[in-house]
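# Working through the structure, step by step
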Amino acid sequence: MRVLLVGAGGVGGAITRIAARRPFFEAMVVADYDPDRAEKAVAALGGDARFTAEQVDAGDEAAVARLLQWHRCDVLLNATDPRFVMPLFRAARAAGAAYLDMAMSLSRPHAERPYEECGVKLGDEQFAQAADWEKEGLLAVVGMGVEPGLSDVFARYAADELFDEIEEIGIRDGANLTVDGYDFAPSFSIWTTIEECLNPPVVYESGKGWFTTEPFSEPEVFDFPEGIGPVECVNVEHEEVLLVPRWVDARRVTFKYGLGREFVETLRTLHLLGLDRTDPVTVPGPDGPVKVSPRDVVAACLPDPATLGERMHGKTCAGTWVRGVKDGRPREVYLYHVVDNQWSMAEYGSQAVVWQTAINPVVALELIATGAWSGAGVLGPEAFPARPFLDLLTDYGSPWGMREQ
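I will try to describe carefully the structure that is included in this document. (Residues numbered from 1 in each chain as written. Predicted model: local features only at pLDDT ≥ 70, side-chain atom pairs only at ≥ 80, totals over all residues. Heavy atoms only, no water.)

### Notes on unusual backbone geometry
For the bond from Glu147 to Pro148, the omega torsion is 5°, close enough to zero to count as cis. Looking at where Pro148 falls in the secondary structure, it is placed in the loop between β6 (139-141) and α7 (150-162). A positive phi angle, close to 55°, is found at Arg72, a residue other than glycine. With respect to the helices and strands, Arg72 occurs in the loop between α3 (61-70) and β4 (75-78). Take Arg72: its relative accessible area is 54%, and that puts it in the exposed class. For Phe216, which is not a glycine, the phi torsion comes out positive at approximately 65°. A relative accessible area of 8% places Phe216 in the buried class. (Helix = DSSP H or I, 4+ residues; strand = E, 2+ residues; numbered from the N terminus. Buried < 20%, exposed > 50% of the residue type's maximum accessible area, 1.4 Å probe, protein only.)

Below you can see the structure in the form of structure tokens.
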């Protein structure tokens, strides 16, 4: 397998460190808009000849397709932010390569009823091309990070091995991470965090389908394992709600994020001030008026999450809560994956949140390389058998857990 990795930031850098320990691929080309960042990611691997660095603009479909063909890459792994999903998705198909991402094409709220009806949903643009990918015999695995990704694998596993009927699947994400020296320092891309948290959350119910609700709705306190403890979680827009019902039979699907009240209030303030907007505004500059995106300004003012590992303490937990019936009896479980920042920094030099995101696409690539996962079209993680993934994740030295509720 020959891989083009686009994006050498926090997650991309963690992907290279994880992949370097595995023998399943022949080559990995690490490409970024910033050539120095790509070079540093490769240099950190101690001379592994399988890795090379390239410069590419993720928004330039033709350039990405040429790079795929020049290096004879079988698959494009997208480690950029969601703005670049569609150009990279199209570039992979144009080059005849498989595609894998960790976040899907962006949504657009309903113009008139944003908190009742879906407009353009996450992934709609990709799924609209599914027939073309299938006809051409090409595989696109979408939403294959940790959330979405591992959380979806947990949903498939629950349906296949733990339940006869599923009443509800709820993705629940929480952490007790702190960052020394910062009152507000998101552990993941603030651009993506704003997108997820301030868009109308989507809920799925059988018979009703997908619908939206108010941001931060339905607060609940969820008790997370391995010492993290109770965290208040709220509805947030996320890919799992759009993916799980396509392959898993469940009466209700939700995603709730353990943001904490202070984080929620900060996001609400950004929204009130218009600082979550992506459309450029004109501001004075030393050489005249300059157009800038308010959200990009917010991101530029905050520390790069990839650099926070040495200051970060605590654990992060991604998991899938499932309620239903097994052998005629009610059952409720929480399938989860916990990463301790101290461990991930010592073992890989990557902070916990980006490392937890990065390991899952590498596991998926290995399953595709060995043929354990195969197919054509645009498929979510739920479309594949879960057990091989979970077994290989454990083999990577990162076991998962299950708690009966």
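### Notes on the side chain of Arg50
Relative to the assigned elements, Arg50 resides in the loop between α2 (35-43) and β3 (51-55). Looking at Arg50, its side chain comes within polar contact range of the main-chain oxygen of Arg22, at 2.7 Å. In this structure the side chain of Arg50 is engaged in a polar contact, spanning 2.9 Å, whose partner is the side chain of Asp48. The residues touching Arg50, leaving out its near neighbours within four places in the chain, are Ala19, Ala20, Arg22, Pro23, Phe25, Glu26, Ala27 and Met28. (Polar contact = N/O pair within 3.5 Å; in protein donor to acceptor, adjacent residues only side chain to side chain. Contact = heavy atoms within 4.5 Å.)

### A look at the side chain of Arg172
For Arg172, the location among the structural elements is in strand β7 (residues 165-175). When neighbours within four sequence positions are excluded, Arg172 is seen to be in contact with Glu147, Glu220, Phe222, Phe224, Thr254, Phe255, Lys256, Cys317, Ala318, Gly319, Trp321 and Tyr334.

### Regarding the sheet that holds strand β1 (residues 2-6)
Taking strand neighbours across the sheet as the criterion, the seven strands line up as β3-β2-β1-β4-β5-β6-β19 in an open arrangement whose pairing is parallel. With partners counted over all chains shown, the strands left at the sheet margins are β3 and β19 (377-379), one partner each. Each adjacent strand pair in this sheet contributes to an overall mean axis angle of 20°, direction not counted. Pairing between β6 and β19: three bridges, direction parallel. Paired with Val141 across the strands is Leu379, a residue of β19. Sheet contacts for helix α13 (residues 352-370): β1, β4, β5 (98-101) and β6; angle to β5, the most-contacted strand, approximately 155°. (Pairing = 2+ DSSP bridges. Axes fitted to C-alpha atoms, helices over the stretch in contact; angles between N-to-C directions.)

### Quick word on the pattern of salt bridges
With the rule as written, the count across this model stands at 29 salt bridges. Here Arg22 ties to Glu366 by a salt bridge, and the two come within 3.0 Å at their closest N and O atoms. One end of the pair, Arg22, is in the loop between α1 (10-19) and β2 (27-32); the other, Glu366, is in helix α13, with 344 residues separating them in the sequence. For the pair Arg22 and Glu366, one class covers both residues: buried. One salt bridge connects Arg252 with Glu205, and the closest N-O pair in it is separated by 3.0 Å. Separated by 47 residues along the polypeptide, Arg252 in strand β13 (residues 252-257) and Glu205 in strand β9 (residues 202-205) bring together distant segments of the chain. Judged by relative accessible area, Glu205 falls into the partly exposed class, the value being 24%. (Salt bridge = Lys/Arg side-chain N within 4 Å of Asp/Glu carboxyl O.)

### Describing α3
Because each turn of an α-helix spans 3.6 residues, side chains separated by three or four positions in sequence point in the same direction. Restricting attention to buried positions, one finds in α3 the residues Ala63, Val64, Ala65, Leu67 and Leu68. As for α3, its buried residues are in contact with β1, β2, β3, β4 and α4 (85-95). Immediately beyond the C-terminal end of α3, within one or two residues, lies Arg72, with a positive phi of roughly 55°.

### Structural notes on a nonpolar patch on the surface
A surface patch of nonpolar side chains, amounting to about 330 Å² of accessible area, comprises Leu272, Leu273 and Leu275. Counting through the fold element by element, Leu272 comes out in helix α10 (residues 261-272). Leu272 gets classed as exposed once you look at its relative accessible area, which sits at 73%. (Patch = residues over 30% accessible without salt bridge, like charges linked within 9 Å, V, L, I, M, F, W, Y side chains within 5 Å. Areas by Shrake-Rupley, 256 points an atom, 1.4 Å probe, with all protein chains shown as cover.)

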